[in-house]
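Now for the letters of each chain:
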Amino acid sequence: VYSEDNAIVRAMRNIPGVETANVSRLNLLKLAPGGNFGRFVIWTKGAFKKLGEMYGSLKSGAPLKKNYHLPRAEMENADLDRII
């Protein structure tokens with residue numbers, strides 16, 4: 001996953017099984033095909049910075065999206081067996 005294409009796509013296109021994705025056009029079906037999580041994903045440093053700009057943090061809103069705030073978990077501890 002990259003933010004700026006500095007010949008990354010061209011370098012990776014001939015490697016079998018390797019796919020590239022721009023961070024601003026991420027697709028859940030490409031990251032987890034078939035609904036199965038566990039795909040090995042390599043992120044560039046610029047992609048992480050762009051994610052922060054796109055989605056913000058829990059304390060601040062998203063600068064690139066209007067009225068968007070990250071969803072907060074309703075439960076701090078989701079281990080119901082331990083709670084009960």
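Residues numbered from 1 in each chain as written. Predicted model: local features only at pLDDT ≥ 70, side-chain atom pairs only at ≥ 80, totals over all residues. Heavy atoms only, no water.

**Q** Report on the side chain of asparagine 22, specifying residues and quantitative values.
**A** Counting through the fold element by element, asparagine 22 comes out in the loop between helix 1 (8-12) and helix 2 (28-31). Within the structure, the side chain of asparagine 22 is placed 3.1 Å from the backbone nitrogen of serine 24, a separation counted as a polar contact. Non-local contacts of asparagine 22, meaning those with residues more than four positions away in its chain, are made with Tyr2 and Ser3. (Helix = DSSP H or I, 4+ residues; strand = E, 2+ residues; numbered from the N terminus. Polar contact = N/O pair within 3.5 Å; in protein donor to acceptor, adjacent residues only side chain to side chain. Contact = heavy atoms within 4.5 Å.)

**Q** Got a sec to walk through the environment of leucine 58? Specific residues and values, please.
**A** If you trace the backbone, leucine 58 turns up in the loop between helix 3 (45-55) and helix 4 (80-83). The exposed category is assigned to leucine 58, whose relative accessible area is 52%. In sequence terms leucine 58 and arginine 72 are 14 residues apart; their C-alpha atoms lie 7.4 Å from each other. With near-sequence residues (within four places) excluded, leucine 58 lies in contact with Leu70, Pro71 and Arg72. (Buried < 20%, exposed > 50% of the residue type's maximum accessible area, 1.4 Å probe, protein only.)

**Q** Describe in detail a nonpolar patch on the surface, supporting the description with residues and values.
**A** On the surface, a nonpolar cluster with roughly 210 Å² of combined accessible area is contributed by Met12, Ile15 and Val18. Mapped onto the elements of the fold, valine 18 is located in the loop between helix 1 and helix 2. (Patch = residues over 30% accessible without salt bridge, like charges linked within 9 Å, V, L, I, M, F, W, Y side chains within 5 Å. Areas by Shrake-Rupley, 256 points an atom, 1.4 Å probe, with all protein chains shown as cover. Salt bridge = Lys/Arg side-chain N within 4 Å of Asp/Glu carboxyl O.)

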